[in-house]
Amino acid sequence: MSIGAILAVTLIMTGFDFEIAIFNTLTILSIIINLMGLMYWWSIPLNAVSLVNLIMGAGISVEFCSHISRTYLLAGADTRKEAARQALAKMGSSFGGIFILYFAKSQIFEVFYFRMYAGIVLCGATHGLILLPVILSFFGNLFLHLDLITFLSCLEDCLLLSPILYMH
């Protein structure tokens, strides 16, 4: 269900670029599947805490992927490869915030938070900073895209004009 919500929001935020929204959603789905594989490999059982971490992983994965996709769409480059390069040059990732959890004395912090968050950041960064730009450089389109601000102003105009149109 969260994948459907991610697709819907990504579709809106990319100016209804269905192709980019699908690439984004499939990359996020791949991150979640990889996290589930890491849970098996690290012997982390599926329980309420790890399930919440998987759901948070889906949300955090949106950050890794959507910024790259959005920057790709707004790059204004002549080629897909150049647009992907510009998107990577403007985006980055941070690993430092989660490593403090490694020193926690509690097993719940070490297993369910440090390991899961480390997996989220590692999978999200590799998919968002390596896989997605490669996919976009090969398959992303560079047609004219509707900018979000333009889209929202058009939507606002339509909502303001709709009562006027239906008055007659």
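Bear in mind that the values here come from a model prediction, so they are computed numbers and not experimental data.

In this numbering, the UniProt entry assigns the feature "transmembrane region" (unreviewed entry) to residues 21–42, 48–66, 87–104 and 116–139. In the segment residues 116–139, helix accounts for 100% and strand for 0%; the C-alpha atoms at its two ends are 31 Å apart.

Per the stated rule, a full pass over the model turns up two aromatic pairs. Centre to centre, the rings of W41 and W42 are 6.5 Å apart; their planes meet at 15 degrees, and the pair counts as stacked. What makes W41 exposed here is its relative accessible area of 67%. A residue is classified by how much of its surface remains accessible, and W42, at 27% relative accessible area, is partly exposed. Considering the side-chain rings of F138 and F139, the 6.3 Å spacing of their centres and the 45 degrees angle between planes classify their relative orientation as tilted. Judged by relative accessible area, F138 falls into the exposed class, the value being 55%.

Attention shifts here to the nonpolar core. Among the nonpolar cores identified, the biggest contains 27 residues, and I20, L35, Y72, L132 and L136 are the most heavily contacted of them. With eight residues, helix α2 (residues 18–41) is the single largest residue contributor to this core.

Cut-off values and rules
Residues numbered from 1 in each chain as written. Predicted model: local features only at pLDDT ≥ 70, side-chain atom pairs only at ≥ 80, totals over all residues. Heavy atoms only, no water. UniProt positions renumbered as here; feature names shortened; annotations may be inferred. Helix = DSSP H or I, 4+ residues; strand = E, 2+ residues; numbered from the N terminus. Phe/Tyr/Trp six-rings, centres within 6.5 Å; stacked < 30°, edge-to-face > 60°. Buried < 20%, exposed > 50% of the residue type's maximum accessible area, 1.4 Å probe, protein only. Core = buried A, V, L, I, M, F, W, Y, C linked by side-chain atoms within 4.5 Å.

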